[in-house]
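Given next are the chains, with one letter for each unit.
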Amino acid sequence: MKKINNKFIYRGDVKITHDNAKEWADKLKDIQLITGDLSINSNTSLPALKSVGGYLSIYSNASLKADSLKSVGGYLSIYSKIDEKLEKRLWNNNSKNKWNVCDLCSDWLLNQDKDFTYHINDIIFDKNLFTAVRLGNLSAAQVFEIKNMEQRRVAYGKMEKAKMTELPNLKTLDESKDKYGFVQRVISFTVEGFKDAFLFYNCFCPSTGREYYLETKQKTCEAAKAKSFGFNEIEFTEEW
């Protein structure tokens, strides 16, 4: 740390993780300028920080409290939900920079007229598909029609699983009731361009009543249920 023109400066890159967050917080508590890149992977408070000379990256499940931060010299990669005041301050002072954004960013930021690079779960999407996946506007058939395997995986993970019932070629291979009276099914459907059919175990959580669709290779409810717990065979005496 050096003091130049009454400013405390840290020269170099800073990567804050869960393991070193406290160490960096102590070291940077009076720092006003970081000359290199700043990477945030853990909840961090930098009360004196005003500018970052390089890139600023805030990753998933991390937050940055920096009430004085305005200027960033390089890319801004916002892969987490951050404080709206910080988000707006960064945008207002760095809108001409290159931005990487994610589905956790605010509607306000995502609605700005900017050529963003869009990410969901570290996978890049074009704007139209990003918006459709983020807002849940795709049908189950449209999700399975996505050609990029990684994008399709992410879109399926975000999709409301009840939409599976909309598939036109849905078949029920097995159906029964569990001991709590919930219907459980193994369903099958085909997608154009895929040789094998997709199989899913449709069930309900007995404690919350939440419905699930779990991908499986089993054709009976009991086998699919056992496999979902990592067993080939299992006898359930109590569930919760």
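Coordinates for the structure precede this section.
This report concerns the structure included in the present document. The shown structure was predicted, so the numbers you read here are calculated from the model rather than taken from an experiment.

**A short note on helix α7 (residues 221-228)**
Structurally, the α-helix is built with 3.6 residues per turn, so residues lying three or four positions apart point the same way. Among the residues making up α7, those that are buried are Cys221, Ala224, Lys225 and Ala226. In this structure, the buried residues of α7 make contact with β15 (171-177), β16 (183-189), β17 (198-204) and β18 (211-216). Gly230 sits one or two residues past α7 and shows a positive phi near 90°.

**Some details on the sheet that holds strand β3 (residues 14-16)**
Within the open sheet, the seven strands sit side by side as β3-β5-β8-β11-β12-β13-β14. Their pairing is mixed. Of all the strands in the sheet, just β3 and β14 (123-125) have a single pairing partner and so form its edges. Along the sheet, successive strands turn relative to each other by an average axial angle of 15°, direction set aside. Bridging between strand β13 (residues 117-120) and β14 involves three bridges; their strand directions are antiparallel. Opposite Ile120, over in β14, you have Ile123 as the bridge partner. Contacts from helix α4 (residues 127-135) reach β12 (99-102), β13 and β14 within the one sheet, and its direction differs from that of β13 by about 35°. Against the sheet, helix α6 (residues 149-158) touches β13 and β14, its axis set at about 90° to β14.

**Focus on unusual backbone geometry**
In this model, Asn61 sits at a positive phi of 65°, which is unusual for a non-glycine residue. As for its placement among the helices and strands, Asn61 is situated in the loop between β8 (56-58) and β9 (64-65). Positive phi values are uncommon outside glycine, yet Asn121 reaches one of about 50°. Within the secondary structure layout, Asn121 lies in the loop between β13 and β14.

**Description of the pairing of β12**
Regular strands show a simple pattern: their side chains alternate between the two faces of the sheet. Burial along β12 is two-sided: the residues Trp99 and Val101 and Asn100 and Cys102 are all buried. Taken together, the three bridges between strand β11 (residues 76-78) and β12 define a ladder with parallel strand orientation. Along β12, the bridge assignment pairs Leu76 with Trp99. Running through helix α2 (residues 84-94), the crossover from β11 to the neighbouring parallel element β12 is right-handed. Relative to β13, β12 runs parallel, the two being bridged by three bridges. Pairing of Cys102 across the sheet is with His119, part of β13.

**Some thoughts on the packing of aromatic side chains**
Applying the stated criterion across every chain yields a total of 16 aromatic pairs. Geometrically, the ring pair formed by Phe144 and Tyr156 is tilted, given 5.8 Å between the ring centres and 50° between the ring planes. Of this pair, Phe144 sits in helix α5 (residues 140-144) while Tyr156 sits in helix α6; the two residues are twelve residues apart in sequence, bridging distant segments of the chain. For Tyr156, a relative accessible area of 17% gives the class buried. Note on Phe182 and Phe204: the rings are 5.5 Å apart at their centroids and 15° apart in plane angle, and the pair reads as stacked. Here the residue Phe182 occupies a position in the loop between β15 and β16, and Phe204 occupies one in strand β17, the gap between them amounting to 22 residues. By relative accessible area, Phe182 is classed as partly exposed at 24%. Members of the aromatic cluster, joined through ring pairs, are Trp91, Trp99, Phe116, Tyr118 and Phe130. The aromatic ring of Trp24 is capped on one face by Lys27, whose charged end is 4.6 Å from the ring centroid. Above the plane of the ring of Trp108 lies Lys88, whose end atom (NZ or CZ) is 5.3 Å from the centre.

Analysis parameters
- Numbers given for residues are sequential positions, taken from 1 along each chain in its written order.
- Two thresholds apply to this predicted model, a pLDDT of at least 70 for residue-level local features and 80 or more for giving and counting side-chain atom pairs, whereas whole-chain, interface and lining totals are computed over all residues.
- Here the side-chain values reflect all heavy atoms present in the structure, with hydrogen atoms and water set aside.
- With a 1.4 Å probe rolled over the protein chains alone, any residue whose accessible area is under 20% of its type maximum counts as buried; one over 50% counts as exposed, and the rest are partly exposed.
- The helix and strand labels rest on DSSP assignments: H or I over at least four residues marks a helix, E over at least two residues marks a strand, and numbering proceeds from the N terminus.
- Contacts are assigned to residue pairs with any non-hydrogen atoms lying within 4.5 Å of each other.
- We treat two strands as partners when DSSP finds at least two bridges between them.
- Here an axis means a line fitted to C-alpha atoms, over the contact stretch when the element is a helix, while the angle between two N-to-C directions is reported on a 0 to 180 degree scale.
- When the strands point away from the viewer and the connection leading from the first strand across the helix to the second strand turns clockwise, the crossover is called right-handed.
- To pair, rings of Phe, Tyr and Trp, with the six-membered ring standing in for Trp, must have centres within 6.5 Å; the planes then decide the type, stacked if under 30 degrees apart, edge-to-face if over 60, and tilted in the middle.
- Think of it as a cone above the ring: NZ of Lys or CZ of Arg counts as a charge over the ring if it is within 6 Å of the ring centre and within 35 degrees of the ring normal.

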